[in-house]
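# Chains, contacts and geometry: an overview
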Amino acid sequence: QVQPVESGGGLVQSGGSLRLSCAAFGRTFTNYAVGWFRQAPGKEREFIVAVSRSGSRTYYSDSVKGRFTVSRDNVKNTVYLQMNSLKPEETAAYYCAAAIGILPTSLPNEYPYWGQGTQVTVSS
């Protein structure tokens, strides 16, 4: 089975940018749709964006549309999340998740494979 591993989190000022990476271990990512989610302390896990196996289909939440961009490099077995114009309220742990053979979906329960998360802190 595939094991996603996130990296790239850190501390950034309000309005700044970060690029997160989600690397696949154990299996190639080619056959998996990948979703990004985030969870702040005391809050429910929130969907951000999902991308299809080929990268040709994406599905963004309204809260990040126009500021975040998902892409994938199946040769490098990695999915990226470029985050621009970050806001303090977007401070959270960011997770990537994978599901084989599905269209991109916002439903966390559709993704059986999850990474451990990477912390993003946006200072005001």
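Please refer to the structure placed before this passage.
What you see is a predicted model, and the numbers here were worked out from it, not measured in a lab. (Residues numbered from 1 in each chain as written. Predicted model: local features only at pLDDT ≥ 70, side-chain atom pairs only at ≥ 80, totals over all residues. Heavy atoms only, no water.)

### Observations regarding the state of the cysteines
For the structure shown, the criterion picks out 1 disulfide. In this model Cys 22 forms its disulfide with Cys 96; the gap between the sulfur atoms is 2.0 Å. On the sign convention where negative means left-handed, the S-S torsion of about 70° between Cys 22 and Cys 96 marks this disulfide as right-handed. Note that Cys 22 is positioned in strand β3 (residues 18-25) and Cys 96 in strand β9 (residues 92-100), a separation of 74 residues in sequence. (Disulfide = S-S within 2.5 Å. Helix = DSSP H or I, 4+ residues; strand = E, 2+ residues; numbered from the N terminus.)

### Re the pairing of β9
Burial runs high along β9: 8 of the 9 residues are buried. Examined bridge by bridge, β9 and strand β11 (residues 118-123) share 3 bridges and lie antiparallel to one another. Bridging across to β11, Tyr 94 finds its partner in Thr 118. Of the strand pairs in this sheet, β9 and strand β10 (residues 113-114) are connected by 2 bridges, and their pairing is antiparallel. When the sheet's bridge partners are listed, Ala 98 is paired in β10 with Tyr 113. (Buried < 20%, exposed > 50% of the residue type's maximum accessible area, 1.4 Å probe, protein only. Pairing = 2+ DSSP bridges.)

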